[in-house]
Amino acid sequence: MHFTDDDTLLFIGDSITDAGRDRADATSLGTGYVSEIARTLRDRAAGSSGPRIVNRGISGHRVYDLEPRWTADVIDQNPTVVTVKIGINDTWRRYDQGLLSSVSEFRTCLDRLLAVTAQRLSARLVVITPFLLPVEPGQEAWFEDLGPRTDAVLRAAADNGAHVVRADLLLPRAARNRPAAELAEDGVHPTPLGHRLIADAWLSTVHASSPDPMR
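Because the structure is predicted, anything quoted here is derived from the model rather than measured.

Caption draft 1: Highlighting the overall build of the protein chain. Across its full length, the protein chain holds eight helices and five strands. Moving toward the C terminus, one meets the helices and strands of the protein chain in the order β-α-α-β-α-β-α-α-β-α-β-α-α. Since a compact globule built from 215 residues should have a radius of gyration of about 17 Å, the 16 Å found for the protein chain is in line with a globular shape. Summarising its shape, the C-alpha atoms of the protein chain cover approximately 50 × 40 × 35 Å along the three principal directions. Sorting the 215 residues of the protein chain into buried and exposed places 54% on the buried side. For the protein chain, the proportion of contacts with a sequence separation of at least 24, taken over those separated by at least 6, is 77%. Carbon and sulfur atoms form 47% of the exposed surface of the protein chain, whose accessible area is close to 9,500 Å². Each charge class in the protein chain can be summarised by its mean position, and for the 24 positive and 29 negative side chains these summaries are 3 Å apart.

Dropping the structure here:
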């Protein structure tokens, strides 16, 4: 998939996508993987402006928070590529607030969002899987919830023909060679290195001319 100046790449999700963006500025991309992708594509644009890139991540959001804003934040932007990164807060809130998110309902909601996007737009769909690098006490237990939730993300993606960026495989693999905190200080939020790895994985999956970050 190669991009032109006419493309709009939209990213939506939670704090990992948000990455501190200025929500009062519609052009703000934050300091995370979305910004890294934008910089790389700009560098490769060979004199043109490159694709328009839109960040609609909001810190703390679960999949259910995406649905009320989907029309305004996704459909109305008329993107040609839509990337969704969601799921870790649906797990996290179970363990820090006792707020449950049924995996079946989670999958149904995500599937509905992907399906309506495919119906109303000609956009390519991309899903980034949730991930966890346990660095804090008790985080290992989260996999009881996160494992089935990640499977639900993969099934929803497959059902809707979405490209998949396997952050749940990429980051643990990278953590074999360095402390996990170098990739995500709290196990959830990526460091600059973690964001760069996600950006490279997205580019490798979605943008055919990119190098393979897993090599």
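Caption draft 2: Structural context of the nonpolar core. The biggest cluster of nonpolar side chains holds 38 residues, and the ones touching the most others in it are Leu9, Phe11, Tyr33, Ile37, Ile53 and Trp202. Put simply, the parts of the chain that give this core at least two residues each are strand 1 (8–13), helix 2 (33–43), helix 4 (88–96), strand 4 (124–128), helix 7 (167–174) and helix 8 (192–206). It is helix 8 that contributes the most residues to this core, seven residues altogether. Ignoring sequence-local partners within four residues, the contact set of Trp202 consists of Phe3, Leu9, Phe11, Ile37, Val81, Thr83, Val126, Ile128, Val165 and His207.

Caption draft 3: The pattern of salt bridges, seen in detail. The final tally for this structure, using the stated rule, is 11 salt bridges. A salt bridge links Arg39 to Glu36; the shortest N-O distance between them is 2.7 Å. Placement of the pair is Arg39 and Glu36 together in helix 2, with a separation of three residues, close to one helical turn. Using a relative accessible area of 36% as the deciding quantity, one classes Arg39 as partly exposed. Arg107 is the salt-bridge partner of Asp159, the closest N and O atoms lying 2.8 Å from each other. Placement of Asp159 in helix 6 (residues 143–159) and of Arg107 in helix 5 (residues 103–120) is noted, with a sequence separation of 52 residues between them.

Caption draft 4: Structural context of the side chain of Arg196. You can see Arg196 is positioned in helix 8. Engagement of the side chain of Arg196 in a polar contact is seen with the side chain of Glu36, the distance being 2.6 Å. With residues up to four places along the chain from it excluded, the contact list for Arg196 reads Glu36, Arg39, Thr40 and Leu203.

Caption draft 5: Spotlight on helix 7. Buried within helix 7 are the following residues: Ala167, Asp168, Leu170, Leu171 and Ala174. The arc that holds the buried residues of helix 7, viewed along the axis, is 165°, so those residues lie on one side. Looking at the buried side of helix 7, the elements it contacts are strand 4, helix 6, strand 5 (163–165) and helix 8.

Reading guide: rules and limits
- Residues numbered from 1 in each chain as written.
- Predicted model: local features only at pLDDT ≥ 70, side-chain atom pairs only at ≥ 80, totals over all residues.
- Heavy atoms only, no water.
- Helix = DSSP H or I, 4+ residues; strand = E, 2+ residues; numbered from the N terminus.
- Rg over C-alpha atoms; globule rule 2.2 N^0.38 Å.
- Buried < 20%, exposed > 50% of the residue type's maximum accessible area, 1.4 Å probe, protein only.
- Contact = heavy atoms within 4.5 Å.
- Areas by Shrake-Rupley, 256 points an atom, 1.4 Å probe, with all protein chains shown as cover.
- Lys, Arg positive; Asp, Glu negative; His and termini not counted.
- Charge placed at Lys NZ, Arg CZ, Asp CG, Glu CD.
- Core = buried A, V, L, I, M, F, W, Y, C linked by side-chain atoms within 4.5 Å.
- Salt bridge = Lys/Arg side-chain N within 4 Å of Asp/Glu carboxyl O.
- Polar contact = N/O pair within 3.5 Å; in protein donor to acceptor, adjacent residues only side chain to side chain.
- Arc of directions from axis to C-beta.

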